[in-house]
Amino acid sequence: MCSLQELCSGLPLRPLPENRGRRAGVPHAPVRTPGLSPAEEQLALKNALRYFPPDVQEVLAPEFAQELRLYGHIYMYRFCPDLEMRAYPVERYPCRTRAAAAIMLMIMNNLDPAVAQFPQELVTYGGNGQVFSNWAQFWLTMSYLAQMTEEQTLVMYSGHPLGLFPSSPEAPRLVITNGMVIPNYSSRTEYEKLFAMGVTMYGQMTAGSYCYIGPQGIVHGTVLTVLNAGRRYLGLQDLAGKVFVTSGLGGMSGAQAKAAVIVGCIGVIAEVDGAALMKRHRQGWLMEVTDSLDRCIERLGPPVLPCREARKRKEVLSLGYHGNVVDLWERLVHELDTTGELLVDLGSDQTSCHNPFNGGYYPVQLGFAEAQSLMASDPTAFKSLVQESLRRHVSAINRLAREHFFFWDYGNAFLLEAQRAGADVGKPGANRTEFRYPSYVQHIMGDIFSQGFGPFRWVCTSGDPQDLAVTDRLATSALEEIVAAGVTPAVKLQYVDNIRWIQEAAKHQLVVGSQARILYSDQKGRVAIAVAFNQAIARGELKAPVVLSRDHHDVSGTDSPFRETSNIYDGSAFCADMAVQNFVGDAFRGATWIALHNGGGVGWGEVINGGFGLVLDGTEDAEQKARRVLSWDVANGVARRCWSGSPMAYEVICQTMREDSGMVVTLPHAVTDERLLQALRL
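The residue count restarts for each chain, going from 1 along the sequence in the order it is written. With the structure being a predicted model, the display of local features is reserved for residues of pLDDT at least 70 and the display and counting of side-chain atom pairs for 80 or more, all residues being used for whole-chain, interface and lining totals. In computing side-chain properties, one takes all heavy atoms of the structure into account and sets aside hydrogens as well as water.

### Considerations on the overall build of the protein
The number of helices and strands found in the protein is 23 helices and 17 strands. Relative to its length of 682 residues, the protein is compact, with a C-alpha radius of gyration of 25 Å against a globular reference of 26 Å. Here the C-alpha coordinates of the protein stretch approximately 70 × 65 × 60 Å along the principal axes. Each of the 682 residues in the protein was classed as buried or not, and the buried ones make up 62%. With the model as given, the accessible surface of the protein reaches about 25,700 Å², and the carbon-plus-sulfur share is 53%. By the criteria applied, helices consist of DSSP H or I runs no shorter than four residues and strands consist of E runs no shorter than two, each listed in order from the N terminus. In this setup the radius of gyration rests on C-alpha atoms only. A globule is expected at 2.2 Å times the number of residues raised to 0.38. Under the scheme applied here, a residue whose accessible area is under 20% of the maximum for its type counts as buried, over 50% as exposed, and between as partly exposed, the area being computed with a 1.4 Å probe on protein chains only. In these tables, accessible area is a Shrake-Rupley quantity obtained with a 1.4 Å probe, and a residue counts as shielded only by the protein chains included in the view.

### Re the packing of aromatic side chains
Working definition: rings of Phe, Tyr and Trp (its six-membered ring) pair if their centres are within 6.5 Å, and the pair is stacked with planes under 30 degrees apart, edge-to-face with planes over 60 apart, and tilted otherwise. Considering all chains together, one arrives at 26 aromatic pairs under this definition. Considering the side-chain rings of Phe132 and Phe138, the 6.0 Å spacing of their centres and the 75 degrees angle between planes classify their relative orientation as edge-to-face. The class for Phe138 is buried, based on a relative accessible area of 0%. Judged by centre distance (6.3 Å) and plane angle (25 degrees), the ring pair of Tyr233 and Trp408 falls under stacked. Of the two residues, Tyr233 is situated in helix α7 (residues 216-234) and Trp408 in the loop between β11 (406-407) and α15 (414-420); the sequence distance between them amounts to 175 residues. Judged by relative accessible area, which is 0%, Trp408 ranks as buried. Every member of this aromatic cluster is reached through a ring pair, and the members are Trp329, Phe405, Phe407, Phe414 and Tyr437.

### Digging into the domain arrangement of the protein
By convention here, the domain bounds are inherited from an automatic or database domain assignment. Split by domain assignment, the protein resolves into domain 1 (4-183 + 191-197), domain 2 (215-440) and domain 3 (454-540). Taking only C-alpha atoms into account, the centre of domain 1 sits 34 Å from that of domain 2. Contacts were defined at the residue level, with two residues in contact if any of their heavy atoms lie within 4.5 Å. Taken together, the contact between domain 1 and domain 2 spans 12 residues of the former and 13 residues of the latter. The term buried area denotes the loss of accessible surface (1.4 Å probe radius) that occurs when two parts are joined, taken as the sum for both partners. Where domain 1 abuts domain 2, roughly 1,000 Å² becomes buried across the two surfaces, and 52% of that area is made up of carbon and sulfur atoms. A side-chain nitrogen of Lys or Arg and a carboxyl oxygen of Asp or Glu constitute a salt bridge if their distance falls within 4 Å. Linking domain 1 with domain 2 are 0 salt bridges, by the criterion used here. Contacts described as polar in this section are N or O atom pairs within 3.5 Å, which, within protein, must combine one atom able to donate a hydrogen with one able to accept it, while residues neighboring in sequence count only if both atoms come from side chains. Where domain 1 touches domain 2, the interface holds 4 residue pairs in polar contact (both at pLDDT 80 or more). Here the nonpolar group is Ala, Val, Leu, Ile, Met, Phe, Trp, Tyr, Cys and Pro; Asp, Glu, Lys and Arg are the charged ones; every other residue, Gly included, is treated as polar. The residue inventory of the side of domain 1 that touches domain 2, partitioned by class, reads 6 nonpolar, 5 polar and 1 charged.

### What to know about unusual backbone geometry
Residue Pro15 is bonded to the preceding Arg14 through a cis peptide linkage, with omega at 5 degrees. Residue placement: Pro15 occurs in the loop between α1 (4-7) and α2 (38-49). Not every positive phi belongs to a glycine, and Gln204 is a case in point at roughly 50 degrees. Mapping Gln204 onto the fold places it in the loop between α6 (188-196) and α7.

### Focus on the pattern of salt bridges
Tallying each qualifying case throughout the model produces 37 salt bridges. The partner of Arg98 in a salt bridge is Asp617, with the nearest N and O atoms 3.2 Å apart. Highlighted residues: Arg98 in helix α4 (residues 98-110) and Asp617 in the loop between β17 (608-616) and α21 (620-643), separated in sequence by 519 residues. Relative accessible area serves as the criterion here: at 49%, Arg98 is assigned to the partly exposed category.

### Focus on the pairing of strand β4 (residues 160-166)
DSSP-based pairing: two strands are paired if at least 2 bridges between them are found. As paired elements, strand β3 (residues 152-157) and β4 share 6 bridges and run antiparallel to each other. Note on β4: the bridge partner recorded for Gln152 is Pro166. Between β3 and β4, which follow one another and run antiparallel, lie 2 residues, and Ser158 among them has a positive phi close to 45 degrees.

### Notes on the sheet that holds β11
As summarised here, the arrangement of the 6 strands in space is β8-β9-β7-β6-β10-β11, forming an open sheet in which the pairing is parallel. The outermost strands of the open sheet, each flanked by one partner alone, are β8 (288-290) and β11. Pairing between strand β7 (residues 266-271) and strand β9 (residues 317-322): 6 bridges, direction parallel. Pairing of Ala270 across the sheet is with Tyr321, part of β9.

### Observations regarding the UniProt feature "domain: Urocanase C-terminal" (unreviewed entry) in the protein
UniProt positions are given in the numbering used here, feature names are shortened, and annotations may be inferred rather than shown by experiment. Per the UniProt entry, the sites bearing "domain: Urocanase C-terminal" (unreviewed entry) are residues 447-654 in this numbering. End C-alpha atoms of residues 447-654 are separated by 16 Å, and the span's content is 50% helix alongside 17% strand.

### Considerations on empty space enclosed by the protein
A 1.4 Å probe that fits but cannot get out identifies a cavity on a 1 Å grid over protein atoms alone, an open set with protein on both sides within 12 Å along at least five of seven lines counts as a pocket, and a residue lines either if it has an atom within 4 Å of a point. Grid points are joined across faces, edges and corners, and a volume is the space filled by probe spheres set on the points. Applying the stated criterion across every chain, the model contains 3 cavities of 30 Å³ or more. One number sums up the size of the largest cavity: a volume of about 90 Å³. What lines the largest cavity is a set of 14 residues, and nearest its centre among them are Asn47, Ala48, Asn134, Met197 and Gly198. Within the lining of the largest cavity, the residues separate by chemical class into 7 nonpolar, 6 polar and 1 charged. One number sums up the size of the second largest cavity: a volume of about 70 Å³. The wall of the second largest cavity is formed by Asp409, Ala413, Leu415, Leu416, Thr433, Phe435, Tyr437, Pro438, Ser439, Gln442, Phe562 and Val602. When its residues are assigned to classes, the lining of the second largest cavity shows 8 nonpolar, 3 polar and 1 charged.

### Side note on the side chain of Thr476
Locating Thr476 in the fold gives a position in helix α17 (residues 465-485). A relative accessible area of 9% places Thr476 in the buried class. With sequence-adjacent residues up to four places away left out, Thr476 is seen in contact with Ile499, Ile502 and Gln503.

### What to know about the packing of α4 against helix α5 (residues 135-147)
Interaxial angle, 0 to 180 degrees, is taken between N-to-C directions of lines fitted to C-alpha atoms, where a helix line uses only the stretch in contact. As a packed pair, α4 and α5 sit with axes 9 Å apart at the nearest point and diverge in direction by 160 degrees. Comparing the axis directions of α4 and α5 gives the class roughly antiparallel. The chirality of how α4 crosses α5 is left-handed. Along its contact with α4, which presents Ala100, Ile103, Met104, Ile107 and Met108, the element α5 presents Phe138, Thr141, Met142, Leu145 and Ala146. For the contact of α4 with α5, the class distribution of residues is 9 nonpolar, 1 polar and no charged. For classification purposes, an angle smaller than 35 degrees is called roughly parallel, one larger than 145 roughly antiparallel, one from 65 to 115 roughly perpendicular, and anything else oblique. The crossing is said to be left-handed when, going from far helix to near helix, the turn is anticlockwise and less than a right angle, and right-handed when the turn is clockwise.

Written out as structure tokens, the structure reads:
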């Protein structure tokens, strides 16, 4: 087994490590079918071999060619490190700068088997969210980070470490771009080929920016979504006894079971992959598992038997159904049509539907293994079955929605792909971003973004749970002080939800991987928390630096017309100026590293998104950087939403300008429909 010192010493070439291939007992990515021509296969092999000197190419060439034939990509399994992959305490990394050591910690956390969906294929979540394209890139990146000084910046091209270049201490230590393909060539077909050739990569959101913190992030987002869905659709603050049905327990979607328990409802989550389902059960996130639809109905149905009293007793329950969610939805329709009883109140979907034909969505007509086989042997037939399954999926939901049942799209491109499959998801008079059912941003989270609230997170690089407990206390105090000073009722509700979240987080055992926490906060809250952390590091209350970050799915980080910007109605939902400006603005305001991605959430070519990492080390310089970065990182998106017509964002921008004389924003004037109609008649 190699050491961290060896891991940071460059590619192991003499001798070459043993080729152990794909490891048994570890989840693996589905076989890809890029459809390369012979010339493109040669190019893919050439691109992989160029990382290695000629004297070892003779050994590596045939095995890389075999990987390409068997799996549709060259992962370089031989170079998967023989090391326990996890986030080690930051002082253990052999680096010249604290920033580089923190980045190493974040990279290894993304590849931790407890965190990553397909660790040997370097996929963190979402079915194809890559950290790197191959293991050579991992080794080289770790080596560069070990060498890096405060006068250098590491440049990453879609997983490929281009090299260290002279910069300055004020510049980012790392600049990442993923999937920056010329727009006219940013299609799924082109992506599959370009990824197989090793020249681009789908970084999802926080996979390719090294900022994933395990499923805790989506647990919190799902908690807030379900709570606010109950408030909006059911008129309830308390969801006890209410039933939430959804699908997906793999990567991020695995959070749904824990979220159902935290909000106090009954969650039934379908998953076709038994290994993913049992992983969540072992974690304690799923309370019960079954492969029987009858058992699911018994737990939800009329209280004829003791086991059928979950709803009557308002039992808190997370039930994992090992099977296809379409079967579950159709069974719920059958119960409604034969008994007259609606057994579900809220519903959504968290399959990786942004990648529906390569393992992100499994058709109801086939079992899991059979579907994987067909996916590799006959992609066209597989696609046809997926689209038929989507039509059935939507048909069942439509029937239930005629009753007092509410469904939303969770931003995974489910409704977009269903529309492309010919499912009945249309909405009369809708614009291009609207369907029969709303995106959760449109109905549930959009107002939260307009207020400047979004998923802010931090990682304690000491690896000490006690440090995380200290940050929880500091964050709680910072938010309580803001509330005590006076905020609007809408803002107070968000703060109260998040204070409760932090106070209960440890009880729910949410940490998987690094010692990290997430909450939703606005600009004022983020800055206050960052300052409190930095001061605690300076006085020794925290043992090591803290990394600040956020999900790309945030106020300013993502332009995505079918998710984050689906509630932008001025015609600019398909424009990506906000995300690109955010990336650039974070860079020169002091971020430690920055990332800009094509794809993420709803899929390749459908979104531009970016993120950042910022290392707090207790210095005055770190505090000033945090103030600048966090203020811009929120204000950018609120100003954009203000200009597009959000009254909430307008109020927030006006208040921010009153408090910060350095910000001057052009405010939009109201335009009446009557004035428009009069002008158009002329």
